[in-house]
Structure formats: C-alpha cells, structure tokens
Amino acid sequence: MFKDITLGQYFPGDSPVHRLDPRTKIALMMLYIVEVFFVKDMWVFLFTGLYVVGATLLSGVPISYLVRSLKPLKFILIFMFIINLLVTSTGDVLVDWWIIRITTGGVRQAVFITIRLILLVAGTSFMTLTTTPISLTDGLERMLMPLSKLKFPAHELAMMMTIALRFIPTLLEEADKITKAQTARGADFETGGIIQRAKSMVPILVPLFVSAFRRADELAMAMESRCYHGGVGRTRMTVLKYSTGDLWAALSMVLLIGLTVALQVVL
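Quantities reported herein were computed from a predicted structural model and do not represent experimental measurements.

## Comments concerning the side chain of Arg-23
So, point 1. Mapped onto the elements, Arg-23 comes out in helix α1 (residues 22–38).
So, point 2. Given a relative accessible area of 10%, Arg-23 falls into the buried group.

## Observations concerning a nonpolar patch on the surface
So, point 1. Residues Leu-94, Val-95, Trp-97, Trp-98, Ile-99 and Val-107 make up a contiguous nonpolar surface patch of about 710 Å² in total accessible area.
So, point 2. Here the nonpolar patch takes three residues from strand β1 (residues 93–97), the largest share from any one element.
So, point 3. Tracing the sequence through the fold places Val-107 in helix α5 (residues 104–129).

## Details of the packing of aromatic side chains
So, point 1. Under the counting rule described, the total for this entry stands at two aromatic pairs.
So, point 2. Taking 5.2 Å as the distance between ring centres and 70° as the angle between the ring planes, the aromatic pair formed by Phe-11 and Tyr-65 counts as edge-to-face. Residue Phe-11 is found in the segment before α1, and its partner Tyr-65 is found in helix α3 (residues 63–70); the two are separated by 54 residues along the sequence.
So, point 3. The aromatic ring of Tyr-242 is capped on one face by Arg-23, whose charged end is 4.2 Å from the ring centroid.

## Quick look at the packing of helix α2 (residues 45–59) against helix α10 (residues 244–266)
So, point 1. Viewed as axis vectors pointing N to C, α2 and α10 meet at an angle of 165°, and their least axial separation amounts to 10 Å. If you check the angle between α2 and α10, you find them roughly antiparallel. As α2 packs across α10, the resulting crossing turns out to be right-handed. Touching Phe-47, Thr-48 and Tyr-51 of α2 are Ala-249, Ser-252, Met-253, Leu-256, Leu-259 and Leu-263, all from α10.
So, point 2. For the contact of α2 with α10, the residue count by class is seven nonpolar, two polar and no charged.

## Describing the pattern of salt bridges
So, point 1. Enumeration according to the criterion identifies seven salt bridges in this entry.
So, point 2. Here Asp-96 makes a salt bridge to Arg-101, at a shortest N to O gap of 3.2 Å.
So, point 3. Overall, the relative accessible area of 54% leaves Asp-96 in the exposed class.
So, point 4. For Arg-101, a relative accessible area of 38% puts it in the partly exposed group.

## Let's talk about the pairing of β1
So, point 1. With zero of five residues buried, β1 is to be regarded as a mostly surface element.
So, point 2. Bridging between β1 and strand β2 (residues 100–103) involves four bridges; their strand directions are antiparallel. By the bridge assignment, Val-95 is partnered in β2 with Ile-102.
So, point 3. The turn linking β1 back onto β2 is made up of two residues, and Trp-98 within it adopts a positive phi angle of 55°.

## Looking at the nonpolar core
So, point 1. Among the nonpolar cores identified, the biggest contains 28 residues, and Tyr-32 and Phe-45 are the most heavily contacted of them.
So, point 2. Mapped by element, the contributors of at least two residues to this core are α1, α2, α5, α6 (133–144), α7 (154–184) and α10.
So, point 3. Top contributing element to this core by residue count: α5, with seven residues.
So, point 4. With residues up to four places along the chain from it excluded, the contact list for Phe-45 reads Val-36, Val-39, Phe-112, Ile-115, Arg-116 and Leu-119.
So, point 5. Of all hydrophobic cores here, the second largest spans five residues; its members include Ala-175, Ile-178, Phe-189 and Ile-204.

Scoring rules and cut-offs
- Residues numbered from 1 in each chain as written.
- Predicted model: local features only at pLDDT ≥ 70, side-chain atom pairs only at ≥ 80, totals over all residues.
- Heavy atoms only, no water.
- Helix = DSSP H or I, 4+ residues; strand = E, 2+ residues; numbered from the N terminus.
- Buried < 20%, exposed > 50% of the residue type's maximum accessible area, 1.4 Å probe, protein only.
- Patch = residues over 30% accessible without salt bridge, like charges linked within 9 Å, V, L, I, M, F, W, Y side chains within 5 Å.
- Areas by Shrake-Rupley, 256 points an atom, 1.4 Å probe, with all protein chains shown as cover.
- Salt bridge = Lys/Arg side-chain N within 4 Å of Asp/Glu carboxyl O.
- Phe/Tyr/Trp six-rings, centres within 6.5 Å; stacked < 30°, edge-to-face > 60°.
- Lys NZ or Arg CZ within 6 Å of the ring centre and 35° of its normal.
- Axes fitted to C-alpha atoms, helices over the stretch in contact; angles between N-to-C directions.
- Parallel < 35°, antiparallel > 145°, perpendicular 65-115°, else oblique.
- Left-handed = near helix turned anticlockwise from the far one by under 90°.
- Contact = heavy atoms within 4.5 Å.
- Nonpolar A, V, L, I, M, F, W, Y, C, P; charged D, E, K, R; others polar.
- Pairing = 2+ DSSP bridges.
- Core = buried A, V, L, I, M, F, W, Y, C linked by side-chain atoms within 4.5 Å.

This is the structure we're talking about:
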C-alpha cells in the first residue's frame with residue numbers, strides 16, 4: 001500500500017545528475033514546473049517527457065521508480081480525467097446520453113491535464129531521488145540566505161522542510177509494518193465500501209501518529225544534546241560550488257524552454 005510512494009526517497013548514485021549542485025537542481029525544478037504549466041498544446045509535452053526520460057537515464061535511476069511515484073495518485077488522475085472529460089463541452093459530440101455529454105474537446109482536455117499531472121509528479125520525484133536531504137537543506141538555505149537580512153528564518157525553514165521530507169520514507173515504512181501487523185491479526189483493508197475502508201484505517205493511523213510524535217521527541221532531544229542552536233555560527237564540511245555540469249544542465253533547461261516557446265508560437 002505504501003511501498004509505491006517514492007517522495008522523499010533517495011536513490012544512491014554517482015552520475016552527473018547526482019553530482020549537480022543542489023541549488024541548480026532546485027532552480028531547474030522551479031523552471032521545469034513553470035515550463036509544464038506554460039505548455040498549451042498536448043504535442044509539446046512530447047519534448048518535456050523526452051527531457052525527463054533522458055535525465056532519468058543519465059542519472060541511472062530506474063524508470064520503474066518514476067512509475068511507482070505515480071501509483072499513489074492513480075485515483076486522482078482518474079478523477080481529474082473524468083471531470084475534465086465531462087465538464088469540457090467544446091468540439092464535436094462523441095457521446096450524448098442522459099446527462100453525459102462527451103466531446104472531442106473534452107477528450108483532448110482530459111488527456112492534456114492527465115499528462116501535465118504525470119509530468120509534474122515524475123519531475124518532482126526525480127529531484128528527490130537524485131538529491132540527499134542534507135544537500136537539499138544546504139541548497140535551500142543558501143538560496144534563501146539573502147532574505148535573512150530581512151530577518152527571514154532561512155536556516156530554520158530549510159531545516160523544517162528537509163526534516164519533513166526526510167521522515168516521509170521512515171513514516172511510510174512504519175505504516176507498512178503496522179499494516180502487516182494488523183493484517184496478521186485479522187484486519188481487512190481491501191474489502192467493503194469507501195466508508196468501511198476508511199474506518200479500517202483507524203488501527204493504522206492511531207499507532208502511526210503515536211510513532212510520529214515519539215520520533216519527533218527523540219529527534220528534538222538528540223538535537224538538543226548535540227547543542228544545536230540553529231544556523232548561527234554553523235560550519236559545513238562540504239562547501240557548495242558550481243561546476244561545468246551545472247552549466248550544461250542550465251543550458252539544457254534553457255533549450256527546453258526555448259523549444260517550448262517556439263513550438264507554442266508555431267502551433
């Protein structure tokens with residue numbers, strides 16, 4: 001149930017993508033999201049998908065990991081597909097029965113929105129798969145550092161985001177263990193209606209919340225015992241610096257955005 005969620009998981013490797021500066025990855029991810037939302041024609045997504053697949057192959061991360069990141073969202077994808085299919089009424093009518101009216105414009109819009117969501121999830125999952133939580137913390141903090149002059153808690157915000165991201169796989173593993181333990185005791189999570197299946201999740205959620213609070217307390221005590229006082233006077237063993245690979249990665253994103261803009265103008 002929970003093993004297919006890849007958000008927050010890191011796939012170890014020493015590929016050119018893994019060696020990129022985390023600030024470069026965060027900036028490219030922001031540009032990638034803008035590019036995905038900028039696309040207005042479905043055929044332009046072909047180049048965006050090729051970009052994601054090419055980056056995945058270059059990183060050495062199995063394509064199956066990106067596919068697994070989509071499985072927890074399958075119901076959302078189906079729901080969005082059906083909503084857009086029924087709401088959009090432009091184009092020629094394909095089906096007109098009772099209150100159901102499906103048109104060519106509705107089919108096109110449903111497929112378009114579904115592909116957009118798939119590319120967004122796959123792209124964001126790819127960043128966490130190739131970047132360690134520590135690197136993400138350093139990258140976010142360095143990017144937010146100019147705001148510290150305005151009394152913005154850059155270090156604290158980056159630390160909170162990274163801790164939350166870091167403990168997603170841990171809590172998912174804990175939830176999977178609890179689910180297996182409850183199943184061994186005769187609990188049924190697969191049969192029944194939606195309400196019945198929602199009630200059957202209570203024996204999982206209660207111990208999971210207890211475990212989460214316990215881990216949070218242990219983490220706070222561990223940080224206090226190591227005299228952690230935020231980012232004041234903190235040093236780093238690894239200093240972030242840009243390399244030639246970061247330049248090539250930025251150029252590839254510029255090429256993708258330029259190609260997207262050109263195709264949008266043409267189409």
